[in-house]
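This is what each chain is made of:
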Amino acid sequence: CRVAQFLLEIVPNIENFRLALRTVKEWSASHGLYSNVLGYLGGVNWAILVAKICVMHPENTSVPELLHSFMKTYAAYDWPRAITLPGASSTPPTNVAVLPVWNPKTNPRDRSHLMPIITPCYPQMNSSYNVGPPQLRRLRQEFARAEQMIGDILQKKGKWDDLFQDGRSFFRQHFYFVQVSITAEDDDSFRVWQGYCESRLRILIAALESEKAGTQAHPFGKCFRQNNFQSDAESIHRSLFYVALRFSPDVESVDLKPLLEDFLNKLNSWGGREVKMDLDVDVLLQNELPQFVFQDEDCECDEDSDQDKVIA
């Protein structure tokens, strides 16, 4: 609440800030970029990023101009240079205990953060420490795509609806996917099991990203929930999560079986797991994906997709 109050005090136009933030949140959610637990950004991260843009512009800057500046700025931003806000305090207020603050000069762990977005109120902390290389790469790509789209909109060459409806084009941009299926018998068990599995998905994403193996992971930061899914003649709860895979040009084949089996064994051996809490991981081609992940029925691959790769 202190961070929220700080942001409202420093932005030159509160209503424009709020509308810009709502737009950015809707855009990020539609593109699978809104999730702290999956290594992307959450509410406070997006709020700080939008506030940063607002304080860089005059009070009368329109919301479309703010949004274009937002995408353009962060598409070209030289991460890991930290995002900080003017007026932020790194010293404790009166009668407040001294607490650790984010400081890459003295703390090696802070120095390893890839996309630091620093909270402005004491104690200053990096609100985006979960971001990994796959997530940062995809955020940069989506910022750049959105910058182009908003630029076209400002020139009357596009519609605002396109900015949000284009989100699931993600599934038409790749040929191979890892599908994680999380299932449980009842709603309470499912909530516990999904929460645990979701908190560990960053481990899988990091393992799929391997320069040595020539693989790149492109996670979609959203789980697709299916209530009353029919499995073995029983109705269960299921959630699906996807990571797209890309490969270096010289890679002819990749054996993912040991990696996926290790991930499954670690999660299935959890002490809190109950009967009929299940986890499955499969490698799918684009044309094997469920149709609900697409916005339309067409699912053509990019011309530069990895159709000729072999995955075991």
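None of these values were measured; they are calculated from a predicted model. (Residues numbered from 1 in each chain as written. Predicted model: local features only at pLDDT ≥ 70, side-chain atom pairs only at ≥ 80, totals over all residues. Heavy atoms only, no water.)

## Quick look at the overall build of the protein chain
Then, number 1: What the protein chain contains, in helices and strands, is nine helices and six strands.
Then, number 2: Considering only C-alpha atoms, the protein chain reaches an extent of 60 × 55 × 40 Å along its principal axes.
Then, number 3: The long-range share in the protein chain, meaning contacts at least 24 apart out of those at least 6 apart in sequence, stands at 73%.
Then, number 4: For the protein chain, the exposed surface amounts to about 15,800 Å²; the carbon and sulfur share of it is 49%.
Then, number 5: Positive and negative side-chain charges in the protein chain, numbering 32 and 41 respectively, have mean positions lying 8 Å apart. (Helix = DSSP H or I, 4+ residues; strand = E, 2+ residues; numbered from the N terminus. Contact = heavy atoms within 4.5 Å. Areas by Shrake-Rupley, 256 points an atom, 1.4 Å probe, with all protein chains shown as cover. Lys, Arg positive; Asp, Glu negative; His and termini not counted. Charge placed at Lys NZ, Arg CZ, Asp CG, Glu CD.)

## Comments concerning the nonpolar core
Then, number 1: Counting 41 residues, the largest nonpolar core has Trp46, Leu49, Phe70, Tyr74 and Phe143 as the members making the most contacts within it.
Then, number 2: For this core, the secondary-structure elements that each account for two or more residues are helix H1 (2-10), helix H2 (14-30), helix H3 (43-55), helix H4 (63-75) and helix H6 (133-154).
Then, number 3: No other element matches the eight residues that H3 contributes to this core.
Then, number 4: If sequence neighbours within four positions are ignored, Trp46 has contacts with Leu21, Val24, Trp27, Ser28, Leu33, Tyr34, Leu41, Phe70, Leu139 and Phe143.
Then, number 5: Membership of the second largest hydrophobic core comes to 31 residues, among which are Val178, Ala184, Val251 and Val254. (Core = buried A, V, L, I, M, F, W, Y, C linked by side-chain atoms within 4.5 Å. Buried < 20%, exposed > 50% of the residue type's maximum accessible area, 1.4 Å probe, protein only.)

## Re the sheet that holds strand E5 (residues 278-285)
Then, number 1: Read from one edge to the other, the open sheet built from four strands follows the order E2-E3-E1-E5, with strand pairing classed as antiparallel. The sheet is open, and its two borders are formed by strand E2 (215-231) and E5, each paired with just one other strand. Here the strands of the sheet are splayed against their neighbours by 20 degrees on average, with no regard to which way each runs.
Then, number 2: As paired strands, strand E1 (residues 176-184) and E5 are joined by eight bridges and run antiparallel to one another. From the neighbouring strand, Ser181 faces E5, where its bridge partner is Asp280. (Pairing = 2+ DSSP bridges. Axes fitted to C-alpha atoms, helices over the stretch in contact; angles between N-to-C directions.)

## Focus: the confidence of the model for the protein chain
Then, number 1: On average, the protein chain scores 89 in pLDDT, and the residues at 70 or more come to 94%.
Then, number 2: When mean pLDDT is taken per element in the protein chain, H4 scores highest with 98 and strand E6 (residues 310-311) scores lowest with 48.
Then, number 3: Low pLDDT (under 50) marks residues 296-312, which in the prediction has 47 contacts with non-local residues, meaning those over four places away or in another chain. (pLDDT = per-residue confidence, 0-100.)

## Remarks on the pattern of salt bridges
Then, number 1: Overall, the coordinates contain 11 salt bridges when judged by the stated rule.
Then, number 2: Between Glu15 and Arg18 there is a salt bridge, with the nearest N and O atoms lying 3.3 Å from each other. On the criterion of helical spacing, the pair formed by Glu15 and Arg18 is a turn pair, its members being three residues apart in helix H2.
Then, number 3: Its relative accessible area of 52% is what places Glu15 among the exposed residues.
Then, number 4: Taking the relative accessible area as the measure of exposure, Arg18 reaches 41% and is therefore partly exposed.
Then, number 5: A salt bridge links Arg191 to Asp187; the shortest N-O distance between them is 2.6 Å. Here Arg191 and its partner Asp187 are both found in helix H8 (residues 187-208), four residues apart, which amounts to about one turn of the helix.
Then, number 6: For Asp187, a relative accessible area of 31% corresponds to the partly exposed category.
Then, number 7: Via salt bridges that share partners, Asp187, Asp188, Arg191 and Arg225 belong to a single interconnected network. (Salt bridge = Lys/Arg side-chain N within 4 Å of Asp/Glu carboxyl O.)

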